[in-house]
Amino acid sequence: MAASAAVRASVTFTQRLVRVSPDCSICPLHRLNLCTGSAGASVSAPSVSASGDCQKEETQEQVVHVVFVDRSGRRSPVKAKVGDNALYLAHKHGIDLEGACEASLACSTCHVYVKSEFCAKLPAPEEREDDMLDMAPMLQENSRLGCQIILTPELDGIELTLPRVTRNFYVDGHVPKPH
Amino acid sequence: MIINRIVRIHILSRATGWRGLSSVSGPRVCVVGGGPAGFYTAQQLLKARQDALVDIYERLPVPFGLVRFGVAPDHPEVKNVINTFTQTAHHERCSFHGNVNVGRDVSVEELRQAYHAVVLSYGAEANRPIGIPGENLSGIFSAKDFVGWYNGIPANKELCPDLSCETAVILGQGNVALDVARILLSPLDTLKTTDITQHALKALAGSGVRRVLIIGRRGPLQIACTIKELRELVNLPNTRAEMLLSDFEGIKETLKDLPRPRKRLTDLLMKAVNGGEDKAEKSWSFRFSRSPVEVLAGADGKRAAGIRLALNKLEGSGENARAVPTDQLEDVDCGLIISSIGYKSILIDPAVPFDPRRSVVPNDMGRVQDTPGLYCSGWVKRGPTGVIATTMNDSFDTARVLLQDMETGELDLSIKKPGAQAISALLQTRGVRTVLFSDWEKINAEEERRGKPHGKPREKLLDVEEMLQIAWS
């Protein structure tokens, strides 16, 4: 969907309404008690922060620094807010992270590797996320679905790496531990 | 004069599907097939090159391929990807041309003349035959056709499967097999509000099927389905699992050494042994290490009434274990057999290299063998396995390779290519009228309108003529 986000930028006549999954039971905001109730509302393009429209005041403490590392190793540091969804944050900043099923836990295209020291700071994946992760190529211990990562203050400095999805292993010969 | 020019440009743009100004000197790429592979390949090309024009040709008047016709009706979230594809189709440098049969209405060679590059993404529309006697009796269907029947593929609308029997046998243990089992056993209330075709809903409402056996050649550690689908079966209301404990001997000890996805899947399978509601009237079960050897006819000699299975022993272990038949046989009574052993690509144009053994277009990373300027992505490239995400990654790979060839000059972009203009003119002389994306949107609106009174997201049109009539209205 990041590619389509870029594509969207050049579409002159189409209005894109981002649809957030209407199923509260799978939305991480709901589970973290961060939902303001507006998550079900449509958000019009290009502001693709479908993070539940966190209505907290933007203070220094609310900023969460995130670094996306893309498939070529390029680092993109971005500033996010508490409550932001990592998938939509990626889209907002043109990071190449697809989200085919639009955060409804029906695909594994938003698969990311979480920098190890932050893994424990994320809530454990629910069964449905684990089921989808099982289908992701190059699964590792620190694999998570980007659409299920909601940023909290403890995650300040988190790094999310996009997996190399081709059959080739990493350039330096590193082979991820099979799972 | 100016008015004439404006009118002419309008007619030209309507005919070729142009919208807005486009670069006349950029690469023109043609994609054959309007399913996930085609759309994802197009998406990447458009994003990577601001001067690329991409045209997607699709045989049916309706786009989206197996996302529309393969994904189960009770998996609507998986179909969300249609929104991404719609965005791509709306891109000013992309145009969709439906109702064009490549191979019949226009040849691949003609496309190669008109475009700098042609990407074959036409998937796998045929069925792997089982290759046993009795395969052509009535009452036995390919999963491709059965799924096509409940998902509204026009060619399958007259399938009329007889669901009056008590036992149905499904050959194969992949996700398609599980989808079929689940649709056969789902409570009608669940299906009523999906986009399942109305005629299938009616047939299922009167179905006598109470027991579904899902049969595989190898063992529990080799099932090809994924955990999400198995979990849905395990959690299906009003059903119970009927598995044989003996099929799981020795499995428990191997669990800890298995890779995570296989471990979790096997764990769930073992939990399912004798699971579900005891009093449930419907049941499903997996039967392992069995290969079909003959479909047995009933008294009239015309209908399937049973299936003869050979028992296998497994040689080797893990994903590469092989099934070796023994001389032990087993007969199972059943009135419905659905063969879910794989889809198969076909050759659409003699000018395209084709590997008849693997039924794919031979290629190296998406570059078609011995044919510069011709590429492939999706199932026609890799074979018919994998979920949408798999095809997505594969399509991105092909796009990358194509873009690389553009950079290195392997594809000579200095040659001017006419693109859609030339093809549209050709099609016109052959009496072929295309369906534009905006025409599909009329079909889409009509389907949604028809679904409303039934409380369904849409009622799919089943007739190509009707689709065309609405598209061009």
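Residues numbered from 1 in each chain as written. Chains lettered and ligands numbered in written order. Predicted model: local features only at pLDDT ≥ 70, side-chain atom pairs only at ≥ 80, totals over all residues. Heavy atoms only, no water.

Applicable threshold: UniProt positions are given in the numbering used here, feature names are shortened, and annotations may be inferred rather than shown by experiment.
Labelled according to an unreviewed UniProt entry, chain A appears under the name Ferredoxin-2, mitochondrial, originating from Triplophysa rosa. What UniProt states about chain A under its Cofactor (unreviewed entry) heading is, verbatim, "[2Fe-2S] cluster". The annotation that UniProt attaches to chain A under Subcellular location (unreviewed entry) is "Mitochondrion matrix".

### Details of the overall build of chain B
The line we're drawing: Working definition: helices are DSSP H or I runs of at least four residues, strands are E runs of at least two. Numbering for both runs from the N terminus. As a reference, a globule follows 2.2 Å times the number of residues to the power 0.38, and the radius of gyration itself is taken over C-alpha atoms. With a 1.4 Å probe rolled over the protein chains alone, any residue whose accessible area is under 20% of its type maximum counts as buried; one over 50% counts as exposed, and the rest are partly exposed. Residues are treated as being in contact if the distance between any of their heavy atoms lies within 4.5 Å. Per-residue accessibility takes into account occlusion by the displayed protein chains alone, with areas from the Shrake-Rupley method and a 1.4 Å probe. Only four residue types enter the tally: Lys and Arg on the positive side, Asp and Glu on the negative side; His and the chain ends are excluded. Note on charges: their place is set at NZ of Lys, CZ of Arg, CG of Asp or CD of Glu.
When its secondary structure is counted, chain B shows 17 helices and 18 strands. Taken against the 2.2 N^0.38 rule, which gives 23 Å for 473 residues, the C-alpha radius of gyration of chain B at 24 Å falls within 12% of a compact globule. With the principal axes as the frame, chain B shows a C-alpha extent of 80 × 50 × 40 Å. Residues classed as buried in chain B amount to 57% of the 473 residues present. In chain B, once contacts between residues fewer than 6 apart in sequence are set aside, the share between residues at least 24 apart is 75%. Accessible surface, chain B: about 20,100 Å² in total, of which carbon and sulfur atoms supply 52%. In chain B, 60 side chains carry a positive charge and 56 a negative one; their mean positions are 3 Å apart.

### Overview of unusual backbone geometry
Glycine aside, residues mostly have negative phi, and peptide bonds are mostly found in the trans state. With phi around 60°, A:Glu102 is a residue other than glycine that occupies positive phi space. Looking at the secondary structure, you find A:Glu102 in the loop between helix H3 (86-92) and strand S5 (111-114). The exposure class assigned to A:Glu102 is buried, which follows from its relative accessible area of 3%. Despite not being glycine, B:Cys160 shows a phi value in the positive range, around 45°. Residue position: B:Cys160 is located in the loop between helix H6 (143-151) and strand S7 (167-171). For B:Cys160, a relative accessible area of 59% translates into the label exposed.

### Brief notes about the sheet that holds strand S13 (residues 322-333) of chain B
Sheet strands line up and pair through hydrogen bonds in the backbone, either parallel or antiparallel. Residues and elements named next belong to chain B. Our working rule: What makes two strands pair is DSSP finding at least two bridges between them. To obtain each axis, a line is fitted to C-alpha atoms, and for helices this fit is confined to the stretch in contact; angles are then taken between N-to-C directions over 0 to 180 degrees.
Pairing in this open sheet of 3 strands is antiparallel, and the strands run S11-S12-S13 from one edge to the other. The open sheet has two edge strands with one neighbour each: strand S11 (290-297) and S13. The average angle at which neighbouring strand axes cross in this sheet is 20°, direction not considered. Summarising the sheet, S11 and strand S12 (residues 304-315) pair through 7 bridges and their orientation is antiparallel. Each bridged residue has a counterpart across the sheet, and for glutamate 294 the counterpart in S12 is arginine 308.

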